Amino acid sequence: MKYKISELVSINSKAIKKDYDGLIKYIDTSSVNNGKFDNPRTYSTLHDAPSRARRMASVGDTVISTVRPNMKHIGFISENNNYVYSTGFAVVSPNRKLVDPYYLYLYLSSAFVTKTLQSIGETSTYPSIKPNDIGNLSVDIPSMKEQTVVAKRIRLLDEKIKFNNRINDNLDELLTTIFEEKVNSPKFSQRNLTDIANYRNGLAMQKFRPDNDQESMPVLKIKELNQGYTDGTSDRCSANIDPSVIVKIGDIIFS
């Protein structure tokens, strides 16, 4: 059956009380990436926290950034972590009688919705959307029973991926520790990085926008570095640029 998202959810229905007294664990849009929550900032009081620290979310809600949707700053609230979210998020709370919370998250995080919201946002100078833009999306959803089956299966796979990623992260930390022990050994002499490598700042790509019929290449930005590849949503620049800023195999890039 076809619904508007606004018929299935409430958006931004919960806010922190002005007289709240306690620690604030603040999540801004850059701390949520494709379902993963990282690095909440802690403040002693609400007064000390950024003025944007206002949104609250419950288990089963989806938080989705209203700025640059193609960056996929979207996540599912799977546990009661008492975070306070930036007003840069829309907090989508499902009506559980009509839609499975995780099924809704899967829909809102789909490539189709991301592309649709990005196209809406690009009508303004700074790509952004309004909560109503999310509410106006249409979705054709199956019965609750079918939703639950689909959501459970995919969530099991997602949890397996997260578990494997945690194992990989632990291995990365172990390898880093071993490497640092070796590098800091008295057997090795210290040298400046510029003695053994060439360093080059990136370019301001606004100056190198390609014309419609001009050959172009993708630009590596933070999003591309995080996801490990470029795609159809990546910015592009003219292919006629300084060859020294073109990334080659063996190069190291950092923000």
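Residues numbered from 1 in each chain as written. Predicted model: local features only at pLDDT ≥ 70, side-chain atom pairs only at ≥ 80, totals over all residues. Heavy atoms only, no water.

**A few points about the overall build of the protein**
Check the secondary structure of the protein and you find five helices and 14 strands. By the burial criterion, 32% of the 255 residues in the protein qualify as buried. A separation of at least 24 residues holds for 70% of the contacts in the protein among residues at least 6 apart in sequence. Of the accessible surface of the protein, which amounts to about 17,200 Å², a share of 52% is contributed by carbon and sulfur atoms. Each charge sign in the protein was given a centre, from 34 positive and 29 negative side chains, and these centres are 4 Å apart. (Helix = DSSP H or I, 4+ residues; strand = E, 2+ residues; numbered from the N terminus. Buried < 20%, exposed > 50% of the residue type's maximum accessible area, 1.4 Å probe, protein only. Contact = heavy atoms within 4.5 Å. Areas by Shrake-Rupley, 256 points an atom, 1.4 Å probe, with all protein chains shown as cover. Lys, Arg positive; Asp, Glu negative; His and termini not counted. Charge placed at Lys NZ, Arg CZ, Asp CG, Glu CD.)

**Remarks on the environment of Val-91**
Following the sequence through the fold, Val-91 ends up in strand β11 (residues 89-94). Note on Val-91: relative accessible area 1%, which makes it buried. Between the C-alpha atoms of Val-91 and Asn-12, which are 79 residues apart in sequence, the distance is 5.0 Å. Residues contacting Val-91, with those up to four places away along its chain left out, are Ser-10, Ile-11, Asn-12, Arg-55, Met-56, Ala-57, Asp-61, Thr-62 and Val-63.

**Here's the deal with the pattern of salt bridges**
According to the stated counting rule, one finds five salt bridges in the structure shown. Taking the shortest distance from any N to any O, the salt bridge between Lys-14 and Asp-61 comes out at 3.0 Å. Of this pair, Lys-14 sits in the loop between β2 (9-11) and β3 (24-27) while Asp-61 sits in the loop between β7 (53-55) and β8 (62-65); the two residues are 47 residues apart in sequence, bridging distant segments of the chain. Exposure remark for Lys-14: the relative accessible area of 25% places this residue in the partly exposed category. Taking the relative accessible area as the measure of exposure, Asp-61 reaches 3% and is therefore buried. (Salt bridge = Lys/Arg side-chain N within 4 Å of Asp/Glu carboxyl O.)

**Observations regarding helix α2 (residues 111-121)**
Inspection of α2 places Val-113, Thr-114, Leu-117, Gln-118 and Gly-121 among the buried residues, and these make up the whole buried set. For α2, the buried positions fall inside an angular range of 130° around the axis, keeping them on one side. Exposed residues on α2 whose side chains face more than 90 degrees from its buried face are Ala-111, Phe-112 and Lys-115. (Arc of directions from axis to C-beta.)

**A few points about the side chain of Ser-31**
Within the secondary structure layout, Ser-31 lies in the loop between β3 and β4 (32-33). Residue Ser-31 is classed as buried on the basis of its relative accessible area, which comes to 9%. Ignoring any residue separated from it by four or fewer positions in sequence, one finds Ser-31 in contact with Lys-36, Phe-37, Asp-38 and Asn-39.

**Quick word on unusual backbone geometry**
The phi dihedral of Asn-12 is positive, around 55°, even though this residue is not glycine. Residue placement: Asn-12 occurs in the loop between β2 and β3. With relative accessibility at 22%, the residue Asn-12 sits in the partly exposed group. Backbone geometry places Arg-68, a non-glycine residue, at a positive phi of 45°. Turning to its location among the elements, Arg-68 is positioned in the loop between β8 and β9 (74-76). A residue is classified by how much of its surface remains accessible, and Arg-68, at 33% relative accessible area, is partly exposed.

Fair warning: the whole summary comes from geometry, so function is off the table for now.
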